[in-house]
Amino acid sequence: PPTNLSEGEKLIYDKLTDKFLPTELAVQDISGGCGDFYAIQIASEAFKGLSTLNQHRLVTRVLKEEIEGIHGLQV
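Model, not experiment: these values are computed from the prediction.

Student: Whenever I open this one, the overall build of the protein confuses me. Can you help?
Tutor: Broken down by element type, the protein carries three helices and three strands. Order of helices (α) and strands (β) in the protein, N terminus to C terminus: α-β-β-α-α-β. Here the protein has a C-alpha radius of gyration of 12 Å; the compact-globule value for 75 residues is 11 Å, and the two agree. Structurally, the protein occupies a C-alpha span of about 35 × 25 × 15 Å along its principal axes. Put simply, the protein has 75 residues, and 29% of those count as buried. Across the protein, every contact between residues at least 6 apart in sequence was considered, and the portion connecting residues at least 24 apart equals 41%. Counting every atom, the protein has about 5000 Å² of accessible surface; 50% of that belongs to carbon and sulfur. Computed over 7 positive and 11 negative side-chain charges, the inter-centroid distance for the protein is 11 Å.

In structure tokens, the structure reads:
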């Protein structure tokens, strides 16, 4: 993982990496540092053939606990 991730970014990065083995993954706290809003860019073979909606559902299912404590998520 990138070395400059915040604690929240690293938690999300690690969960998504473990579940999807992404070919591309970027996690960024875009809330100004308070950890309430994250932007995620992810590409994985696990999403092949799935609609964007179903891809988003898979990601949010993995991050269910984290989503409960934040205000927004951009995937």
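Student: Whenever I open this one, the pairing of strand β1 (residues 24–29) confuses me. Can you help?
Tutor: In the case of a regular strand, side chains alternate between the two sheet surfaces. The alternating pattern of β1 places L25, V27 and D29 on a buried face, while none of E24, A26 and Q28, on the opposite face, is buried. Bridge count between β1 and strand β2 (residues 37–43): six bridges; the pairing is antiparallel. By the bridge assignment, E24 is partnered in β2 with A43.

Student: Please clarify how the packing of aromatic side chains should be interpreted in this entry.
Tutor: We describe a pair of aromatic rings using the distance from one ring centre to the other and the angle between the two ring planes. The tally for this structure, following the rule as stated, stands at one aromatic pair. With a centroid separation of 5.0 Å and 45 degrees between ring planes, the pair formed by F20 and F47 is classed as tilted. Residue F20 is found in helix α1 (residues 7–20), and its partner F47 is found in the loop between β2 and α2 (52–62); the two are separated by 27 residues along the sequence. Residues F20 and F47 agree in their burial class; the two are buried.

Thresholds applied
- Residues numbered from 1 in each chain as written.
- Predicted model: local features only at pLDDT ≥ 70, side-chain atom pairs only at ≥ 80, totals over all residues.
- Heavy atoms only, no water.
- Helix = DSSP H or I, 4+ residues; strand = E, 2+ residues; numbered from the N terminus.
- Rg over C-alpha atoms; globule rule 2.2 N^0.38 Å.
- Buried < 20%, exposed > 50% of the residue type's maximum accessible area, 1.4 Å probe, protein only.
- Contact = heavy atoms within 4.5 Å.
- Areas by Shrake-Rupley, 256 points an atom, 1.4 Å probe, with all protein chains shown as cover.
- Lys, Arg positive; Asp, Glu negative; His and termini not counted.
- Charge placed at Lys NZ, Arg CZ, Asp CG, Glu CD.
- Pairing = 2+ DSSP bridges.
- Phe/Tyr/Trp six-rings, centres within 6.5 Å; stacked < 30°, edge-to-face > 60°.

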